[in-house]
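Geometric and topological summary
These are the residues of each chain, in order.
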Amino acid sequence: MSNYDPYEHALLWTCKHCGFMYVGGQPKMECPVCESYKTSFIDLPQHIEAQVREEFPDNPHNHRDNRARRVELIGEHNVLEKNRVSGRVLPAASGNNMNPSKDL
Ligand SMILES: [Zn+2]
């Protein structure tokens, strides 16, 4: 086991429609949960993910409750508007071999 916690170091690419989150990688062409195109992914602010994990400490990252809560918080915190202002946009998805389904 490594002590590396990708949550501390990586962007938190999150689907704004369903709340699915990639940890430590970039989205593929489509969200594996809701099939939204990759441009639906935003970089979720760390404090929002911290709140989700505080509320569901025992869930895997992409448990349906976590995903639903992310979508709620994205709305409550007006993240989409702020994301646009900060200009943090999704880099072009590159090929990777992540398998997000194991987290579901
Ligand atoms: Zn999605």
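1. As for the overall build of the protein
- If you tally the helices and strands in the protein, you get four helices and three strands.
- Reading the protein from its N end, one meets helices and strands in the order α-β-β-β-α-α-α.
- Sorting the 104 residues of the protein into buried and exposed places 23% on the buried side.
- Taking the intrachain contacts of the protein between residues at least 6 apart in sequence as the baseline, contacts between residues at least 24 apart amount to 56%.

2. Looking at the nonpolar core
- One finds L12, W13, C15, C18, F20, M21, Y22, C31, F41, I42 and L44 forming the largest nonpolar core, which totals eleven residues.
- Elements with a minimum of two residues in this core: β1 (12-15), β2 (21-23) and β3 (41-43).
- Considering each element in turn, this core owes the most residues, three residues, to β1.

What counts, and where the lines are drawn
Throughout this document, residue positions are counted from 1 along each chain, in the order its sequence is written. Whole-chain, interface and lining totals are the exception, using all residues; otherwise, since this is a predicted model, local features are given only for residues with pLDDT of at least 70 and side-chain atom pairs are given and counted only at 80 or more. The secondary structure listing takes helices from DSSP runs of H or I that are at least 4 residues long and strands from runs of E that are at least 2 residues long, numbered from the N terminus. Put simply, a residue is buried when 20 or more other C-beta atoms lie within 10 Å of its own C-beta and exposed when 12 or fewer do; between those, it is partly exposed, and each C-beta is set from the backbone. For every residue pair, C-beta atoms are placed from the backbone, and the pair is scored as a contact if these atoms sit within 7 Å. We define a nonpolar core as a collection of buried residues of the types Ala, Val, Leu, Ile, Met, Phe, Trp, Tyr and Cys that are connected via C-beta atoms lying within 7 Å of each other.

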